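Fold and contact review
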Amino acid sequence: MKKTLISSLLMGYLATNAFSVPVLAAEDNILSAKQVSPSIDPTANVKGLSEWLPKVMQRFNALPEVQAQIARQQEAKLSIQAADKAVYNPEVGANYQNGLDTQYSLGLNQTIDWGDKRGAATRMAQLQAEVLLSSITLERNQMLSTRLQALATQNLAKKKLKFQQQQYKLAKAQLAIAKQRLQTGDLSNVEVKMMELDLANNAANFAMAEQASLAADGKVLALFGDVALPFEDFVDALSASASVTEVTPDLPALKSAYQQVMLAKLGVDQVKAQTAADPTLSLTAGREGNGSLVGVGVSVPLQIRNNYSKNLAVASQKIAVSEQVYLGKERVLTQQQKQFERSLPRLMERYVDWRDVVQSSARDAAISISQQWKTGDISTSDYLQGQRQLTSSYTAGLTLEGALYQIWLGWMGESGQLERFIDQQLPDSASK
């Protein structure tokens, strides 16, 4: 009876994507554990994304930060409309003089946009709007990455909390059994003390897991304004194939920097337009004494004291600066992509290896050490050491899973590809 009891207790030792943690109940030292068979479907996580992602995206799009981005987009559109207006308004002048001869005149002046300041300003505003939109796209991807990482961390913290709670309950139940065996002479008092110390250790781990879970909840609350958002593991959906195979100017993380180069080049044209000598036409009509007069005039500013060559040199230098900034970002992103493509497959392979080993061996090991402890083939210290190894295996799995999310979400967010991946998973336009 005791042998079957202890084996049942340890059969549900590990819980991750491959395991479900059983709920242990203790009443009069009689424990029961229900083991749920593992079920690993590599496509289940991918299909499941379309079930919980829409709700998360709806909450994300309602955030003030995202609404501010929408307002900035509208601001960019208005700036284009403002730039596409005439640069010069006409000027009206009147003159009246009363003396020996009464004189009065009415004049109209209009400066001609000979240097195409309006066209240059419009093109500049359009490109600035594109730069802004590219920046917003990258910011949005980074915000999504941070928030999905927070949800993944919250999920991992809940897993660990559930596991540590189970371990604490299990340790209490094992201690009760050890005390029974002490009364029958199967265990020494020292071994019971070791079981008590193990219970204390599990209590501390449970407390720390609880604090970590509360901290993860707080992070989600700070980022989303809501702590209870849907989330399901999608570790099997993480793949390097979701990323681009080559860093190009079309990559959202580089697009803004590339457009800054184009903006700098356009800045040269804008300086030329702004410093161009625009002529002013004038038309005058009036009367002087008994005679009428009509006049037409043209005035052109003389760029003698300042030919604005230095302004043009500054604008030209900005091209070189923006090009170097772009090349620097391209180099960094290329290196990050190579690191991502090397790291993720290897880490995923190690994770799958861990999961396969734990799935096939963990329960057998738990049952084996329980049987050997019951029959006295191993000491209590060896038994507790075996339990610690099984616990270490579980926490190692959580660490691997967390690292996968961190690497994948980090690169997809920083490169600006995360939202594209999300759009492919959504059944409708929930991300818009």
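This text follows the structure it describes.
Residues numbered from 1 in each chain as written. Predicted model: local features only at pLDDT ≥ 70, side-chain atom pairs only at ≥ 80, totals over all residues. Heavy atoms only, no water.

1. Comments concerning the overall build of the protein
The number of helices and strands found in the protein is nine helices and six strands. The proportion of buried residues among the 432 residues of the protein is 41%. Put simply, of all contacts in the protein between residues at least 6 apart along the chain, 80% involve residues at least 24 apart. Split by element, the accessible area of the protein, about 23,100 Å² in all, is 53% carbon and sulfur. (Helix = DSSP H or I, 4+ residues; strand = E, 2+ residues; numbered from the N terminus. Buried < 20%, exposed > 50% of the residue type's maximum accessible area, 1.4 Å probe, protein only. Contact = heavy atoms within 4.5 Å. Areas by Shrake-Rupley, 256 points an atom, 1.4 Å probe, with all protein chains shown as cover.)

2. Regarding the packing of aromatic side chains
Within this structure, the stated rule accounts for 12 aromatic pairs. For the pair F231 and F234, a centre-to-centre distance of 5.9 Å together with 70° between the ring planes defines the contact as edge-to-face. With a relative accessible area of 3%, F234 lands in the buried category. Here the aromatic rings of W408 and F421 are separated by 4.9 Å at their centres, their planes lie at 75°, and the arrangement is edge-to-face. Of this pair, W408 sits in helix 8 (residues 380–414) while F421 sits in helix 9 (residues 418–425); the two residues are 13 residues apart in sequence, bridging distant segments of the chain. According to the relative accessible area criterion, W408 is buried, its value standing at 0%. Given a relative accessible area of 9%, F421 falls into the buried group. Ring-pair connections join several aromatic residues into one group, and the members of that group are W52, F231, F234, Y405, W408 and F421. (Phe/Tyr/Trp six-rings, centres within 6.5 Å; stacked < 30°, edge-to-face > 60°.)

3. Some thoughts on empty space enclosed by the protein
One way to see where empty space is left: roll a probe the size of a water molecule over the atoms. Counted according to the given criterion, the structure contains one cavity of 30 Å³ or more. Taken as a whole, the largest cavity encloses approximately 40 Å³ of empty space. L49, W52, L53, L148, F234, W408, L418, F421 and I422 together form the lining of the largest cavity. Sorting the residues of the lining of the largest cavity by element identifies helix 2 (44–61) and helix 9 as the ones contributing at least two each. Its residues placed into classes, the lining of the largest cavity shows nine nonpolar, no polar and no charged. (1 Å grid on protein atoms, 1.4 Å probe; cavity = no way out; pocket = protein on both sides within 12 Å on 5 of 7 lines; lining within 4 Å. Points joined across faces, edges and corners; volume = space filled by probe spheres on them. Nonpolar A, V, L, I, M, F, W, Y, C, P; charged D, E, K, R; others polar.)

4. Here we look at the packing of helix 4 (residues 117–184) against helix 8
For the pair helix 4 and helix 8, interaxial distance at closest approach is 8 Å and the crossing angle is 170°. Considering their axes alone, helix 4 and helix 8 lie roughly antiparallel with respect to each other. (Axes fitted to C-alpha atoms, helices over the stretch in contact; angles between N-to-C directions. Parallel < 35°, antiparallel > 145°, perpendicular 65-115°, else oblique.)

5. Section: unusual backbone geometry
Notably, Y308 is not glycine yet its phi reads approximately 60°, a positive angle. Mapped onto the elements, Y308 comes out in the loop between strand 6 (291–299) and helix 7 (309–375). Classification of Y308 as partly exposed rests on a relative accessible area of 30%.

6. Regarding the nonpolar core
Soluble globular proteins tend to pack their nonpolar side chains together in the buried interior. Counting residues in hydrophobic clusters, the biggest one holds 51 residues, and the most contacted among them are L148, F234, W408 and I422. Residue assignment for this core shows that the elements contributing at least two residues are helix 2, helix 4, helix 5 (189–224), helix 6 (252–274), helix 7, helix 8 and helix 9. In terms of residue count, helix 7 provides more of this core than any other element does, nine residues in total. The residues touching L148, leaving out its near neighbours within four places in the chain, are W52, L53, V56, F231, L409, L418 and I422. (Core = buried A, V, L, I, M, F, W, Y, C linked by side-chain atoms within 4.5 Å.)

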